[in-house]
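# Structural overview
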Amino acid sequence: MSTAEAPAAELSAPKAHGPQTRRTFAIISHPDAGKTTLTEHLLLLGGAIRLAGQVKARGDNRRARSDWMKIEQQRGISVTTAVMTFEYEDVTFNLLDTPGHEDFSEDTYRTLTAADSAVMVIDAAKGIEAQTRKLFEVCRLRDIPIITFVNKMDREARDPFDLIEEVADQLALDTAPVMWPAGMGSRFRGCFDLRTDDFVAFTDQGNQRVGHNAIADYLDEEERSELNENVELVREACPQFDLEAYREGHLTPVFFGSALKNFAVEELLTGVHHWAPQPRAQAATTREVSPEEKKVSGFVFKVQANMDPNHRDRVAFMRLCSGKFRRGMKLNQIGTGKTIGIHNPILFFAQNRELVDEAFPGDIIGIPNHGVLRVGDTLTEGEELQFTGIPSFAPEILQRVRLDDPMKLKHLRRALESLAEEGVTQVFKPMIGAQWIIGVVGQLQLEVLKERIAAEYNIDVGLEPAPFETARWVYADNDADVKAFVDRNKGAMAEDRDGAPVFLAKSGWELNYASEKFPNVRFEATRERTT
């Protein structure tokens, strides 16, 4: 694809004010559905980047703007969550580009806590895929409304009616097509806009929106007849778009297009602009927090270290939930009693960043810090409340860390704890023995872990299977019951980074046996931050 110039706009802090001008949304998809390419073109429309090139080009051009980690550039996939702010018309958008790879689903789960809506990208040739379905279920748990973008219509694709029927059947979601495609692959001519009766033509000279009477300039008689028949059928068989049903999570508007060719991307962004909800109330342990409240509050859903290796930086991503944030404010870190002055808050334009003087509910601000803030932290102007919905998950793969140079043991501990605070891994310290045990959801996380320890901390480590199959946090209503269990199972016990007891089971059978022997003890697969 030839490169495209972005609108002439300076990278600057948002000018629009108040939560009503914010749209905070995530993009979810299966790997290779075109999510990162779509992200690029959304940033292009918002003036946050100057050029959009092929994501899978060779050399430097292979690197999408939102994929900055080395392993992402090498593999052409997203494995971290990028946060990008841009403006379009009179609205400030906070875009959360989530990892598409299933091995990083925990990071994606936390990110969706910070999103008010989502765009679901579907490959037109493949339909609903496994990771798409998983991410959709997370959205459903949180009542997150979804707009669907069926991508790659300029390639050979499945019948559009089959695709929307699959969304309806597999996701139990009403589908309301907003645009309907004329052809596919080499015969893709564009899309009919069901709202305006315009035709958006797909041409070598770019996309052209024309009136219904001009369709004959782009489609032959047979193609027009087929399109008219399909449009009539869509209007009879599919529900019309209903804003309330969409925002309640019962209905998804559907766009068809091509992210790579920048077709229907602007229509999609306009849909997010007008339909996606403003910042929503956020659940806390004691009450719901409204974005209209005067006092500032927010939660940290991600921590990322070494985005700029030259400066050894560490940035906490905070979703602002209420109040007008001002640069230099002092906020309370709930649970520790610390007061943190935020003097250098930043907004993100992919890898670029800029200091911001004020922010509003829905905004995602970066807070540079040196290990003070971690995933799950709540910051407020004084009220003792804890935002919920950012748990840790029991790992599916457990490995021991082998260090060849014992002189670097202290550095290794710092590296593992730092990466655990980011949510990259779970780290467990056995109550008996010196080797650290790390837990991850997927194999690719181990590769990222080893690469980052080597690149960022200059430590070479080896990983070997631990003699455990699963890990569970140990709870009981009575502390004595926990102590009794720990004392009887010291060889299989560890502590997480907070010192909470964790049972490392060698098999599912052993876990079930422990549950039967200690009926007053609960073995939980998730752990919510409470302090």
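Note that the structure is a prediction, hence the values are computed from the model and not measured. (Residues numbered from 1 in each chain as written. Predicted model: local features only at pLDDT ≥ 70, side-chain atom pairs only at ≥ 80, totals over all residues. Heavy atoms only, no water.)

With that out of the way, let us pick up the environment of Thr 39. Along the polypeptide, Thr 39 turns up in helix H1 (residues 35-45). Considered as a pair, Thr 39 and Met 84 are 45 residues apart in the sequence and their alpha carbons are 9.4 Å apart. (Helix = DSSP H or I, 4+ residues; strand = E, 2+ residues; numbered from the N terminus.)

Here we come to the environment of Asp 143. Relative to the elements of secondary structure, Asp 143 occurs in the loop between helix H4 (130-141) and strand E7 (146-151). Not counting residues within four places of it along the chain, the set of residues in contact with Asp 143 comprises Arg 247 and Arg 280. (Contact = heavy atoms within 4.5 Å.)

By the definition in use, this model includes 25 salt bridges. Arg 413 is the partner of Glu 417 in a salt bridge, and the nearest nitrogen-oxygen pair spans 3.1 Å. Note that Glu 417 and Arg 413 are positioned in helix H9 (residues 409-422) at a spacing of 4 residues, about one turn of the helix. One continuous salt-bridge network, built from bridges that share partners, spans Asp 193, Arg 195, Asp 198, Arg 209 and Glu 267. (Salt bridge = Lys/Arg side-chain N within 4 Å of Asp/Glu carboxyl O.)

In terms of burial, strand E17 (residues 314-322) is a largely internal element, 9 of the 9 residues being buried. Examined bridge by bridge, strand E16 (residues 297-305) and E17 share 8 bridges and lie antiparallel to one another. Bridged to Ser 297 within E17 is Ser 322. As paired elements, E17 and strand E24 (residues 364-368) share 5 bridges and run antiparallel to each other. In the strand pairing of E24, Met 318 is matched with Ile 365. (Buried < 20%, exposed > 50% of the residue type's maximum accessible area, 1.4 Å probe, protein only. Pairing = 2+ DSSP bridges.)

Attention now goes to the sheet that holds strand E28 (residues 426-430). With respect to topology, 8 strands assemble into an open sheet ordered E30-E27-E29-E28-E32-E33-E31-E34, the strand pairing being antiparallel. Each having just a single partner strand, strand E30 (461-465) and strand E34 (521-524) make up the two edges of the open sheet. For this sheet the average axis-to-axis angle between neighbouring strands, irrespective of direction, equals 40°. Of the strands in this sheet, strand E31 (470-476), strand E32 (493-495), strand E33 (501-505) and E34 touch helix H11 (residues 479-488), which is tilted by about 145° from E31. On top of the sheet, helix H12 (residues 508-517) reaches E31, E33 and E34; it is set at about 130° to E33, its chief contact. (Axes fitted to C-alpha atoms, helices over the stretch in contact; angles between N-to-C directions.)

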